[in-house]
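Remarks on the overall topology
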Amino acid sequence: MTQLKPPEFKTREEARAFLKRAGLLKTTRVLEGDERKQVETMLRLLGPGEESNSQRFWTTEWVVGDKTYHHTTGEGIDELSEITEDDV
């Protein structure tokens, strides 16, 4: 059985670049209230986004600058979320 050696990073920047490539530096939050209404208006003006269907849920995705928006609907869910890269 082969043992995997964890990567070693010499600088903080190398470690953050690795985590970013792995998709581990993303922050997701659900939009609600007036903020959701404003973002929905903006997304409608952009036109249709990319759609996907997983039998139970429909997800529409828009990419605006460095933010990604997911609108998920189906079986008791109607959620608009904003995903950003956590580059602090």
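Heads up: these notes are all about the structure in this document. (Residues numbered from 1 in each chain as written. Predicted model: local features only at pLDDT ≥ 70, side-chain atom pairs only at ≥ 80, totals over all residues. Heavy atoms only, no water.)

This brings us to the overall build of the chain. Looking only at helices and strands, one finds 2 helices and 5 strands in the chain. Rg of the C-alpha trace for the chain: 17 Å, well past the compact-globule value of 12 Å for 88 residues, more than 25% over. Dimensions of the chain, computed from C-alpha atoms along their principal axes, come out at roughly 45 × 35 × 20 Å. Here the chain holds 88 residues, and 18% of them are scored as buried. In the chain, the proportion of contacts linking residues at least 24 apart, taken out of those at least 6 apart, comes to 36%. Roughly 7,200 Å² of accessible area belongs to the chain as shown, and the carbon and sulfur atoms make up 52% of that amount. For the chain, the centre of its 13 positive side-chain charges and the centre of its 18 negative side-chain charges are spaced 5 Å apart. (Helix = DSSP H or I, 4+ residues; strand = E, 2+ residues; numbered from the N terminus. Rg over C-alpha atoms; globule rule 2.2 N^0.38 Å. Buried < 20%, exposed > 50% of the residue type's maximum accessible area, 1.4 Å probe, protein only. Contact = heavy atoms within 4.5 Å. Areas by Shrake-Rupley, 256 points an atom, 1.4 Å probe, with all protein chains shown as cover. Lys, Arg positive; Asp, Glu negative; His and termini not counted. Charge placed at Lys NZ, Arg CZ, Asp CG, Glu CD.)

This part covers the pairing of strand β3 (residues 58–64). As defined by bridge partners, strand β2 (residues 50–53) adjoins β3 across 4 bridges and the pair is classed as antiparallel. Across the sheet, Ser52 pairs through a bridge with Thr59, a residue of β3. If you look at the hairpin formed by β2 and β3, you'll find 4 residues sitting between the two strands, and Gln55 has a positive phi there, around 75 degrees. Relative to strand β4 (residues 67–74), β3 is paired through 7 bridges, and the arrangement is antiparallel. Bridge pairing in β4 links Thr60 to His71. Taken together, β3 and the strand that follows it, β4, pair antiparallel across an intervening segment of 2 residues, in which Gly65 is found at a positive phi of about 60 degrees. (Pairing = 2+ DSSP bridges.)

Throughout the structure, instances matching the rule amount to 6 salt bridges. With a shortest N-O distance of 3.0 Å, Arg29 and Glu82 are connected by a salt bridge. Taken as a pair, Arg29 in strand β1 (residues 26–30) and Glu82 in strand β5 (residues 77–85) lie far apart in primary sequence, 53 residues in all. Looking at Arg29, the relative accessible area reads 36%, which means it is partly exposed. As a salt-bridge pair, Arg36 and Glu40 come within 2.9 Å of each other at their nearest N and O atoms. In this pair, Arg36 and Glu40 are both assigned in helix α2 (residues 33–46), 4 residues apart and thus about one turn of the helix distant. (Salt bridge = Lys/Arg side-chain N within 4 Å of Asp/Glu carboxyl O.)

Next up on the list: the nonpolar core. In this structure, Leu31, Val39, Leu43, Trp62, Tyr69 and Leu80 together form the largest nonpolar core, which totals 6 residues. Look past the residues within four positions of Trp62 in its chain and what remains in contact with it is Leu43, Leu46, Gly47, Pro48, Gly49, Lys67, Thr68, Tyr69 and His71. (Core = buried A, V, L, I, M, F, W, Y, C linked by side-chain atoms within 4.5 Å.)

A grouping of Phe9, Phe18, Leu19 and Leu24 is seen on the molecular surface, where their side chains present a nonpolar patch of about 340 Å² in accessible area. Looking at where Phe18 falls in the secondary structure, it is placed in helix α1 (residues 12–21). (Patch = residues over 30% accessible without salt bridge, like charges linked within 9 Å, V, L, I, M, F, W, Y side chains within 5 Å.)

In space, the 5 strands of this open sheet follow the order β1-β5-β4-β3-β2, with antiparallel pairing throughout. The open sheet has two free edges, formed respectively by β1 and β2, since each of these has just one partner strand. On average, each strand axis in the sheet is inclined to that of its neighbour by 20 degrees, with strand direction left out of account. (Axes fitted to C-alpha atoms, helices over the stretch in contact; angles between N-to-C directions.)

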